[in-house]
Amino acid sequence: MPNLLAEIGSQVAFVNTYHLVTHPGPEIIEKAGGIHAYSKLPIPLMSDSGGFQVFSLAQNKRKATVRGEEEALVEKITEDGVTFRSAFDGSLLSFTPETSIVFQKQIGADLIMAFDECTSADIPHKKTKESMERTHRWLLRCINKFRASDKQYLYGIIQGGVFEDLRKESAEFVTKQDVDGIAIGSIANSGEGKTQMQSQVDWVTEYLPNDKPVHLLGIGYAEDIANFVRNGIDTFDCVEPTRVARMGYLYQIQDKKPIVGWKEIDINKGIFKNNLEKVDEQCSCNVCENFTKSYLHHLFKQKELLGYTLATYHNLSIMERFMASIRKAISDDIL
Ligand SMILES: [Zn+2]
């Protein structure tokens, strides 16, 4: 149930524009009164621009079976935007800076992203520069289409791949624009090593504003988050805690001071069949207060849908405890 997110203490959730546009379509969400009313998610919501999925499809040259025929999902990438086929019904869809903003207005999340072109680490300097410059031109078009709204806030996205000069140039450009927040993109989507990821954020840290929120796209591991908070990043999004939960990997608190850390246990393992302990002795979430490892193991073995819900609830609860410990460390000045 969506209200469980509020119960857990989550302060914001991320909704995916590409997936909502391909299904059910932004018109029906708008007709329902926006994504808050449609999904009954009672907390602030952030939407991405659709760019990440569109460019992942292009880079992977993904194909889908549409009406019995295998077709490329991405049709064309131009200065104007990207045209691709929906994997659901084969219909032709277009993402441009303008349509991305219109889709995100129809969806109606509180915090929205400018349409950007994502690049991977293996793209050479010249192509990364061209892509970054196109992202900057697209940002200006997004700002023009967006205009100030008292209901939504627009983030501009810093790109520039794995190149220090380009990251700095992009940071300088994006932070000068009339946007409500700053995001950093393409840090984690191409298998870069940890050192390279850290460098990409370090290069732009001096440009990040103190008076606007800063979001890092696609980062969700505890050690990374703690490090990037030191760079001045305020918010993160990642599928990691919920995706591993649905696979049966449950977080267990390891260290409590000053920042909470965790390890994972695989609840599918036979050793948990007769284990009547809590999932995590140190966790006081509703799952740990009420259910045992044996019961979670049973649900996963029987592929009962409740198992995925309970595992997700618990992992997000640990995540919240982790973020609370970071906020406390900041206020205690010990991060
Ligand atoms: Zn728990």
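These numbers come from a predicted model, not from an experiment.

**Q** Honestly, the overall build of the chain in this entry has me stumped. Any pointers?
**A** Assigned secondary structure in the chain consists of 14 helices and 14 strands. Against the 2.2 N^0.38 benchmark of 20 Å for 335 residues, the chain shows a C-alpha radius of gyration of 21 Å, consistent with a compact globule. Taking the principal axes of its C-alpha atoms as reference, the chain extends roughly 60 × 55 × 40 Å. Long-range pairs, those at least 24 residues apart, make up 64% of the contacts in the chain with a sequence separation of at least 6. For the chain, the computed accessible surface area is about 16,300 Å², with 50% contributed by carbon and sulfur atoms. Charge separation in the chain, taken as the distance between the mean sites of 38 positive and 45 negative side-chain charges, equals 3 Å.

**Q** Help me understand the environment of proline 42 in this model?
**A** Summarising the element assignment, proline 42 is placed in the loop between α4 (35-39) and β2 (45-47). Once the C-alpha coordinates of proline 42 and leucine 4 are considered, the two residues, 38 residues apart in sequence, prove to be 9.3 Å apart. With sequence-adjacent residues up to four places away left out, proline 42 is seen in contact with Pro2, Asn3 and Ala6.

**Q** Looking at this structure, I do not really get the nonpolar core. What am I missing?
**A** One recurring pattern in soluble globular proteins is that nonpolar side chains are buried together. The biggest cluster of nonpolar side chains holds 83 residues, and the ones touching the most others in it are Leu216, Ile225, Ile233, Phe236 and Phe322. Take this core: its biggest share by element is 10 residues, from helix α14 (residues 305-331). With residues near it in sequence (within four places) discarded, leucine 216 still touches Ile184, Ile187, Val201, Phe228, Ile233, Thr235, Phe236 and Asp237. Grouped together as the second largest cluster of nonpolar side chains are 7 residues, Met113, Ile157, Ala183 and Leu217 included.

**Q** Explain the coordination of the zinc ion here, please?
**A** Tetrahedral coordination by four donors places them ideally at 109.5 degrees to one another around the metal; octahedral coordination by six donors ideally gives 90 or 180 degrees. Cys283 (SG), Cys285 (SG), Cys288 (SG) and His314 (ND1) make up the full set of protein donors to the zinc ion, lying at 2.2 to 2.3 Å. As a motif over one chain, the donors of the zinc ion read C-x1-C-x2-C-x25-H. Of this pair, cysteine 283 sits in the loop between β14 (262-266) and α12 (286-290) while histidine 314 is found in helix α14, placing the two residues 31 residues apart along the sequence. On the basis of relative accessible area, histidine 314 is assigned to the buried category, the value being 1%.

**Q** Before we go on, may I ask you to explain unusual backbone geometry in this structure?
**A** Apart from glycine, the bulk of residues carry a negative phi angle, and the bulk of peptide bonds sit in the trans form. Between histidine 23 and proline 24 the backbone carries a cis peptide bond, its omega angle lying at 10°. Structurally, proline 24 can be placed in the loop between α2 (17-22) and α3 (26-31). For lysine 303, which is not glycine, the phi torsion reads 55° and is therefore positive. Along the chain, lysine 303 falls in the loop between α13 (293-301) and α14. Its relative accessible area of 62% is what places lysine 303 among the exposed residues. Positive phi, normally seen in glycine, also occurs at aspartate 333, with a value near 60°. Turning to its location among the elements, aspartate 333 is positioned in the segment after α14.

Thresholds, definitions, all that
- Residues numbered from 1 in each chain as written.
- Predicted model: local features only at pLDDT ≥ 70, side-chain atom pairs only at ≥ 80, totals over all residues.
- Heavy atoms only, no water.
- Helix = DSSP H or I, 4+ residues; strand = E, 2+ residues; numbered from the N terminus.
- Rg over C-alpha atoms; globule rule 2.2 N^0.38 Å.
- Contact = heavy atoms within 4.5 Å.
- Areas by Shrake-Rupley, 256 points an atom, 1.4 Å probe, with all protein chains shown as cover.
- Lys, Arg positive; Asp, Glu negative; His and termini not counted.
- Charge placed at Lys NZ, Arg CZ, Asp CG, Glu CD.
- Core = buried A, V, L, I, M, F, W, Y, C linked by side-chain atoms within 4.5 Å.
- Buried < 20%, exposed > 50% of the residue type's maximum accessible area, 1.4 Å probe, protein only.
- Donors = N, O, S within 2.8 Å, 3.2 Å for Na, K, Ca; no water.

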